[in-house]
Structure formats: C-alpha cells, structure tokens
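# Coordinate inspection notes
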Amino acid sequence: MNVLLIGSGGREHALAWKLGASPMLTKLFAAPGNPGIADHGECVVLDIEDHEAVAAFCKLMAIGLVVIGPEAPLVAGLADVLRAHGIRVFGPSAAAARLEGSKGFTKDLCAKYDIPTAAYERFNNAPKAKAYVRAQGAPIVIKADGLAAGKGVTVAMTLDEAFAAIDDCFEGGFGEAGAEVVVEEFMQGEEASFFCLCDGKTALPFGTAQDHKRVGDGDTGPNTGGMGAYSPASVLTSELVDQVMKTIIEPTMKGMAEMGAPFSGVLYAGLMLTPDGPKLIEYNTRFGDPECQVLMMRLKEDLLILLNAAADGQLAHMSARWRDQVALTVVMAAQGYPATPEKGSVIRGLDRVGDDVEVFHAGTARKDGEIVANGGRVLNVTAMALTVSAAREKAYAAIERIDWPEGFCRRDIGWREVEREKR
Ligand code: AMP
Ligand code: GLY
C-alpha cells in the first residue's frame, strides 16, 4: 500500500519510522516531510491548504491511506475532502476535530454528557468575562476558544493576570481563535496524557505518556510544544485508565456519534489527576508531539495495520501490545526557542548515538550535504531502557555525542518518574 503522511515534525518522523517497518507498506510519501523522514520515503512539495491538489496527488500516486499528523489540516477539513474523493484517511473530520479546534465545543460536550472537567463559562466580550473572573477569584484559567498553537492558555495566579489575558484575546492577540474566551476553574494535580485510536465507534486505549511543557528545568519559563516525554506514565494506573475510559472517553465517543460527528483518528486526552479523580483538561485530535515518539518506540504492533483498521471501522477486532521497556525522549531545540529560534547552525554526530536510541528529526533541513537547524524544536533524542532513570541516562549520553553547540535541551526530563523510581 502507498501511504501519504502529512506533516514535518518529530511526530511525523516517528510515524514514518514505524510505518517504514510495516511489510504492508509499498511506498511512503510525506508532505512536506523532513530530512529524517526522507530516510523512509519520498518527501514531496504539496500545498496542504489546497485540499483538491492533495486529492489529485493521491489519485495520481495510488495512495491507499492518508495519515494526517498535525491539527491544522484536520480542523480545516482536509480529511472530509479526501473522503469525498473516495480516498481513505486516518484522521477525524472537521466536525469531529472540533474537540481540539474549539475549547467551548468540548466543554459543552462535557457538560451534556457529565464528563469530569473544570467548571467553566464561555464569553464573547471582555466585560462579562471579567465580571465572572472577579466573582470567581484567582487562580483561574483563561483560554482562547480556537487553535492558538499552544499559546492560547493562561493559568492566571492573580486577577490582574486574568484580566490582561482576557484583554489580549479580545484585542486580537490570537486572531479569530480569541473571538470567544473560555474561563475555567483552576485544577490542581499531576498531568498525564492518554491516547486512544478511534474508528467512529470503538476507542482502543493506545498508551500513556507525560510531557514537559515549560522550556526550562524544574518546569519554569514559557510554555512550548513540549520539551520531552516518557511513556508509560505510571501515575495513570490501569485502574485509572479504566476510569478514564468509562467516565471520559466512552461518553465522548457516544456524544460525537449522537451529534452526527463520529470520532475517528487519535483522541488524545490531556488529563489532570485531581484528588477527586481524573478530569479532562483538553482534547487533541492527533498524536502528541513529542509523546508520539515514545509511543512508537514502545509499540509492538504493525502501525499500518492499526491505522487501516481505524480508517475502516474495524478497531473492535484489534489490540495494542507494548514493549516492557519504557521510552524517553529529550527535545533538542535551537537557541531562542520558543520566542525566536535561530536557524542555520550545522548539526553533526547524528550517526554516533548508540544502540536503543533513535534521533527523530523535527525542524531540520539539509543544506550543502549537512543537517542544519531549521525550526524551534529540532531533534528528539529517544531512548529505551528498563527504567525511566536508565532511559534518561542513555538519552543524555547520546546528546553528549551530538555535535551541535547552538542547541539546548532540558536536563530533567522524566524527573517526576525518576523521583518515584527512587522510592
Ligand atoms: P491546554 O492547552 O488546554 O492543554 O493548557 C495548557 C496547560 O495549561 C495545561 O497543560 C495545564 O498545565 C494548564 N491548564 C489548562 N487548563 C487548566 C486548568 N483548568 N487548571 C489548571 N491548569 C490548567
Ligand atoms: N506535546 C503536546 C502536544 O502535542 O499538544
């Protein structure tokens, strides 16, 4: 089968690496791809926003399955146009991707189906939002309704911070995404990510992970797309996973089907493990980046078989088995990330990283035969071992062998789990 993979990040490199191991794969195309993905398939130039052009390419190249990595093309309805052309897709429709594309939509679904989440109100103007915030008090959480590349959320510790975030949204700080604001109760607890593969009817549990969103050690500094992850997240015990399936995932699948927008693709639940049990922080409708990288390292199954089953509504017959080892990935970013990453520095030594380590490319480019930095998050150094402490040692040892003085990484990925392993 020929497969077209949409995207260019570390997530897509990990998917390409795993798809490349499938005996079912004839040829992989990636649009736009990156130099790491180019080891597993052909990178092609396609305007992803031109859905008809993507469909025409699929017909020309006899693409049997399109795998859509990032959220923007999903929310924009790429999957719908492809399906209308009879092209098979792994990924949700635009209507189902509202679970990620509109925080207000998801909160209303939670309210209707009694899904545990933070208390909330939706607002379309600043004075009313501020009056509500004043009545609730701080800490409180302000969110732009739409997609804001991970930057639309402010956890406000004071009323002034909350007011400033509200003004920012309504003054156009996030464009259309901020035309509506969701104000949420502040939840306390440890965060964990939970993934399911979905086919419209069935949700197949597909692993747990913990991300590290802040740029600096000790969870300090500005938010990023994610600076590192490990899997599994032992805080999400099998009992908690069962509880999450019953109270959060299954009612969501039911609700989406009932409103005529059955969910297929990856349902990624960001969870807060509160003293009152797991609560939904938000949904994403795609794999996490860098969480996907650690999941793919641990997955024992043929990914292409699973994604095909999801596209065909056949997940009820499938299972997912995982290696016993844990996987941990450290993101290497370019100096200046997340604000203004510097591009163009040369990266060497990527062939010296050692066994049980994969370096997934994110923002890299090939220039004059060398790999250069070409984005914020640049490399994902991913290792497997029996414990998080050992995987972390392996990943940082590999980083020492990579020759890239202009790059940086957090030095404490997995710290919560390392603390737990010491006990
Ligand atoms: P989101 O983009 O919705 O995942 O939010 C980004 C981060 O903000 C989350 O990973 C949490 O750390 C934090 N956050 C979001 N909503 C809440 C909430 N209601 N209470 C506490 N922290 C939150
Ligand atoms: N790593 C967080 C995300 O992919 O949204």
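What comes next concerns the included structure. (Residues numbered from 1 in each chain as written. Chains lettered and ligands numbered in written order. Predicted model: local features only at pLDDT ≥ 70, side-chain atom pairs only at ≥ 80, totals over all residues. Heavy atoms only, no water.)

Attention now moves to the site of ligand 2. Surrounding ligand 2, one finds D211, G225, Y268, N284, R286, G288, D289, P290 and E291. One of the backbone nitrogen or oxygen atoms of D289 is found 2.9 Å away from a nitrogen atom of ligand 2. In this structure, a nitrogen atom belonging to ligand 2 sits 2.9 Å away from a side-chain N or O atom of E291. Protein chains bury 90% of the 200 Å² of accessible surface belonging to ligand 2 in isolation. The residue makeup of the shell around ligand 2, split by class, is two nonpolar, three polar and four charged. (Near = heavy atom within 4 Å. Polar contact = N/O pair within 3.5 Å; in protein donor to acceptor, adjacent residues only side chain to side chain. Areas by Shrake-Rupley, 256 points an atom, 1.4 Å probe, with all protein chains shown as cover. Nonpolar A, V, L, I, M, F, W, Y, C, P; charged D, E, K, R; others polar.)

Another aspect to go through is the nonpolar core. Formed by 39 residues in total, the largest nonpolar core has its most connected members in F90, L197, F206, F287, M296, L303 and L307. It is helix α11 (residues 303-311) that provides the largest number of residues to this core, a total of six residues. If you look at the next biggest cluster of nonpolar residues, it comprises 30 residues, including C110, V235, M245 and Y283. (Core = buried A, V, L, I, M, F, W, Y, C linked by side-chain atoms within 4.5 Å. Buried < 20%, exposed > 50% of the residue type's maximum accessible area, 1.4 Å probe, protein only. Helix = DSSP H or I, 4+ residues; strand = E, 2+ residues; numbered from the N terminus.)

Turning to the pattern of salt bridges, a few remarks are in order. Taken as a whole and assessed by the stated rule, the structure comprises 22 salt bridges. Across the pair R11 and E12 runs a salt bridge whose closest N-O atoms are separated by 2.8 Å. A residue is classified by how much of its surface remains accessible, and R11, at 8% relative accessible area, is buried. Note that K103 is salt-bridged to E282, the shortest N-O span being 3.1 Å. (Salt bridge = Lys/Arg side-chain N within 4 Å of Asp/Glu carboxyl O.)

Okay, helix α1 (residues 10-19) next. For α1, a buried count of nine out of 10 residues is recorded, marking the element as mostly surrounded by other parts of the structure. By the burial criterion, the buried members of α1 are G10, R11, E12, H13, A14, L15, A16, K18 and L19.

Taken together, 15 residues lie near ligand 1, and E184, E185, M187, E191 and E282 sit nearest. E185 places a main-chain nitrogen or oxygen 2.9 Å from a nitrogen atom of ligand 1. Between ligand 1 and M187, the relevant distance is 2.8 Å, taken from a nitrogen atom to a main-chain nitrogen or oxygen of the residue. Look at ligand 1: alone it shows 470 Å² of surface, and the protein chains cover 90% of it. Secondary-structure elements contributing two or more residues to the shell around ligand 1 are β7 (140-144), β8 (153-156), β9 (181-185) and β16 (277-284). Looking at side-chain class alone, the shell around ligand 1 contains eight nonpolar, no polar and seven charged residues.

Further remarks concern the sheet that holds strand β2 (residues 27-32). Spatial strand order, β3-β2-β1-β4-β5: five strands in an open sheet with parallel pairing. Pairing within the sheet leaves two strands with one partner each, and these edge strands are β3 (42-43) and β5 (89-90). In this structure, strand β1 (residues 2-7) lies alongside β2, joined through six bridges in parallel fashion. Across the sheet, residue G7 finds its bridge partner in β2, namely P32. Sitting on the sheet, α1 is in contact with β1 and β2, with an inclination near 165 degrees to β1. (Pairing = 2+ DSSP bridges. Contact = heavy atoms within 4.5 Å. Axes fitted to C-alpha atoms, helices over the stretch in contact; angles between N-to-C directions.)

Our next topic: the environment of E184. When you line up the elements, E184 lands in strand β9. Using a relative accessible area of 4% as the deciding quantity, one classes E184 as buried. Sequence separation of E184 and R122 is 62 residues, and the distance between their C-alpha atoms is 8.9 Å. E184 has contacts with K107, A118, A119, Y120, I140, V141, K143 and I281, leaving out every residue within four places of it along the chain. Among the polar contacts listed, one links the side chain of E184 to the side chain of K107, at a separation of 3.4 Å.

On the surface, D47, E49, D50 and E52 cluster together to form a negatively charged patch. Relative to the helices and strands, E49 is located in the loop between β3 and α2 (51-60). When its relative accessible area of 74% is taken as the criterion, E49 is described as exposed. (Patch = residues over 30% accessible without salt bridge, like charges linked within 9 Å, V, L, I, M, F, W, Y side chains within 5 Å. Lys, Arg positive; Asp, Glu negative; His and termini not counted. Charge placed at Lys NZ, Arg CZ, Asp CG, Glu CD.)

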